[in-house]
Structures are given as C-alpha cells and as structure tokens.
Amino acid sequence: MPLSLFSLPLLALLTACATDPAVKATCTDLPDEPLIGADIDGAGWTDAAAWAEAGTGIQITTGADNGWRLTLVAYVDEEGREAVAALDALPAVFGMGGEGGNATVYPDGGSSLSTGQGGSGTISIAEQRGDDLAGCFAFEAISADGEGVSVTSGRFLATPSTL
C-alpha cells in the first residue's frame, strides 16, 4: 500500500517521538537476553544491568564497562503508584527528574550527570519476565557545571541484583 501525503508527516512525527526524551517511552524491540543499551550523545552503548528494590522504589544499575555507568531509579509512576506496587500491573511509566524518578550517568573520568539537576525524561517498565524486568528509557541529564548528555533509544532486560 503506497504512503499518502498524510501518512508521511505522521511517520516523521512518530519517528521523532521515539527518540525524544520528553515523550513517554514506548517500548519496542526489547532485548531477549540480559542487557542494557542506549545511544549516549548519538553513540551506541551496551552493558549488563541488574535491578533491585530500594524501599518502595526500583533501582536499575549497570557495570562500569564501555566508558559509562548508568543508574535509573523509579519511585512513583504517572498513575501515582509506588514503583514496587506498580510491578503488579505493568506497564508503568515514570517521569525522570522529579518525584517520579531519577537517572544518573557516570562517564569514565568525568563528573556525573543527572536528571535531578535539571534534566528530564522517562523510564517505562514494560513487563516482568520471571524475575527479570524489561523496559525502555530516554532522558537528558545535566552535570553540576551545566554540561549535558542525551540518552535516547534505551532498552533493557535487567536481572535481579545479587548484592
């Protein structure tokens, strides 16, 4: 079926929304194996990921391989549910940079950047696969000195933390 002139702008809008951190994370193409991946300032990045309950919140952390370390923390979803309780009725979307949650990026040899310092974005926990959590994220993080980083097209399948 050929694309109409109407569908071309719609396709462009949907493509832009998929990478815009201000737009709710829509999860597609989630990993089949435990992994986290994203584009950080346009460069591809992957690592292992683990998740744990942190009080009534959920924390997803990575190793320190491949130049970056990442921590995502979900507190209260957009429906007002605490993160741990939201696991009973997924999907759940959490705003980053306020009471919904926080994302922090730790570059090798540099200062951390966080959504808590003026950035924004979302994390969506789409599904639970056994004990693993799968979802997606996109955000803008800012350092204390005003530097910024864009993290887009994030996808994860995180295993329970062994700590």
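Relevant structure appears above.
Okay, so let's go over this structure. This is a predicted model, so every value here is computed, not measured.

Focus: the pairing of strand E11 (residues 148-160)
Next up, step 1: Taken together, the 5 bridges between strand E1 (residues 35-40) and E11 define a ladder with antiparallel strand orientation. In the sheet register, Gly 37 faces E11, and the bridge partner there is Arg 155.
Next up, step 2: Of the strand pairs in this sheet, strand E3 (residues 49-54) and E11 are connected by 2 bridges, and their pairing is parallel. Across the sheet, the residue bridging to Trp 51 is Pro 160, located in E11.
Next up, step 3: Pairing of strand E10 (residues 132-143) with E11, which is carried by 9 bridges, proceeds in the antiparallel orientation. Residue Ile 142 lies in a different strand from E11, and its bridge partner there is Gly 148.

Here's the deal with the environment of Ile 123
Next up, step 1: Tracing the sequence through the fold places Ile 123 in strand E9 (residues 120-129).
Next up, step 2: A residue is classified by how much of its surface remains accessible, and Ile 123, at 1% relative accessible area, is buried.
Next up, step 3: Sequence separation between Ile 123 and Phe 139 is 16 residues, and the spatial gap between their C-alpha atoms is 8.3 Å.
Next up, step 4: Discounting chain neighbours no more than four positions away, the residues touching Ile 123 are Ile 60, Leu 72, Ala 92, Val 93, Phe 94, Met 96, Cys 136, Phe 137 and Phe 156.

A short note on unusual backbone geometry
A negative phi angle is the norm for most residues apart from glycine, just as the trans form is the norm for most peptide bonds.
Next up, step 1: The omega torsion across Leu 90 and Pro 91 is 10°, close enough to zero to call that bond cis.
Next up, step 2: In this fold, Pro 91 is placed in the loop between helix H2 (83-86) and strand E6 (92-96).
Next up, step 3: In this structure, Asp 29 is a non-glycine residue whose phi angle is positive, near 55°.
Next up, step 4: Within the fold, Asp 29 resides in the loop between helix H1 (7-19) and E1.
Next up, step 5: We classify Asp 29 as exposed; its relative accessible area is 72%.
Next up, step 6: The backbone of Ser 153 shows a phi angle near 55°, a positive value even though the residue is not glycine.

Conventions and cut-offs
- Residues numbered from 1 in each chain as written.
- Predicted model: local features only at pLDDT ≥ 70, side-chain atom pairs only at ≥ 80, totals over all residues.
- Heavy atoms only, no water.
- Pairing = 2+ DSSP bridges.
- Helix = DSSP H or I, 4+ residues; strand = E, 2+ residues; numbered from the N terminus.
- Buried < 20%, exposed > 50% of the residue type's maximum accessible area, 1.4 Å probe, protein only.
- Contact = heavy atoms within 4.5 Å.

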